[in-house]
Amino acid sequence: WRVVFKGLTLLEHLVKNGSERCVDDARNHSHMLRSLHQFNYYEGTIDRGLGVREKSKQIVEILGDDERIREERARARKLREKFGGNLGGVSS
């Protein structure tokens, strides 16, 4: 479940910060994202699949609304500019 959740987190980041092609590719594979709405994984009695189900629903909602994608991408752009745009890099 952790690998799936991390993959969804990466996809969300790419949709918000990546090229338009990332959005198009994600939309073309939205049927796979919808299948994760029924994802189940239990460790004992603890439901570990809940995060995967919620994250996949959030991504599908974002992908289904062009206006929301524009808002999320604008918000991500502002954050990049606020923090210098060079996250993780070393400037000299």
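Right, let's talk about the side chain of Arg53 for a bit. Mapped onto the elements of the fold, Arg53 is located in helix H4 (residues 50–63). Arg53 sits in the buried class, given a relative accessible area of 14%. The residues contacting Arg53, other than those within four sequence positions of it, are Leu36, His37, Gln38, Phe39, Asn40 and Asp47.

Here we take up the packing of helix H2 (residues 20–28) against helix H5 (residues 66–82). Where H2 meets H5, the axes come as close as 13 Å, and the angle between the chain directions of the two elements is 140°. Taken together, the axes of H2 and H5 are oblique relative to one another. The handedness of the crossing between H2 and H5 is right-handed. Counting all contacts with H2, which are made through Glu20, Val23 and Arg27, the residues of H5 involved are Asp66, Ile69 and Arg73.

For the pair helix H1 (residues 2–17) and H5, the least separation of the axes is 8 Å and the interaxial angle reads 85°. Here H5 runs roughly perpendicular to H1, going by the angle between their axes. In contact with Leu14, Val15, Lys16 and Asn17 of H1, H5 contributes Glu72, Arg73, Ala76 and Arg80. For the contact of H1 with H5, the class distribution of residues is 3 nonpolar, 1 polar and 4 charged.

If charged atoms from side chains of opposite charge come close, those side chains can pair. Using the criterion set out here, one finds 12 salt bridges in the structure. The salt bridge partner of Asp25 is Arg21, with a shortest N-O separation of 3.8 Å. Note that Asp25 and Arg21 are positioned in helix H2 at a spacing of 4 residues, about one turn of the helix. Across the pair Arg53 and Asp47 runs a salt bridge, and its minimum N-O distance is 2.5 Å. One network of salt bridges, with partners in common, ties together Glu12, Lys16, Lys55, Glu61, Arg68, Glu72 and Arg75.

Analysis parameters
- Residues numbered from 1 in each chain as written.
- Predicted model: local features only at pLDDT ≥ 70, side-chain atom pairs only at ≥ 80, totals over all residues.
- Heavy atoms only, no water.
- Helix = DSSP H or I, 4+ residues; strand = E, 2+ residues; numbered from the N terminus.
- Buried < 20%, exposed > 50% of the residue type's maximum accessible area, 1.4 Å probe, protein only.
- Contact = heavy atoms within 4.5 Å.
- Axes fitted to C-alpha atoms, helices over the stretch in contact; angles between N-to-C directions.
- Parallel < 35°, antiparallel > 145°, perpendicular 65-115°, else oblique.
- Left-handed = near helix turned anticlockwise from the far one by under 90°.
- Nonpolar A, V, L, I, M, F, W, Y, C, P; charged D, E, K, R; others polar.
- Salt bridge = Lys/Arg side-chain N within 4 Å of Asp/Glu carboxyl O.

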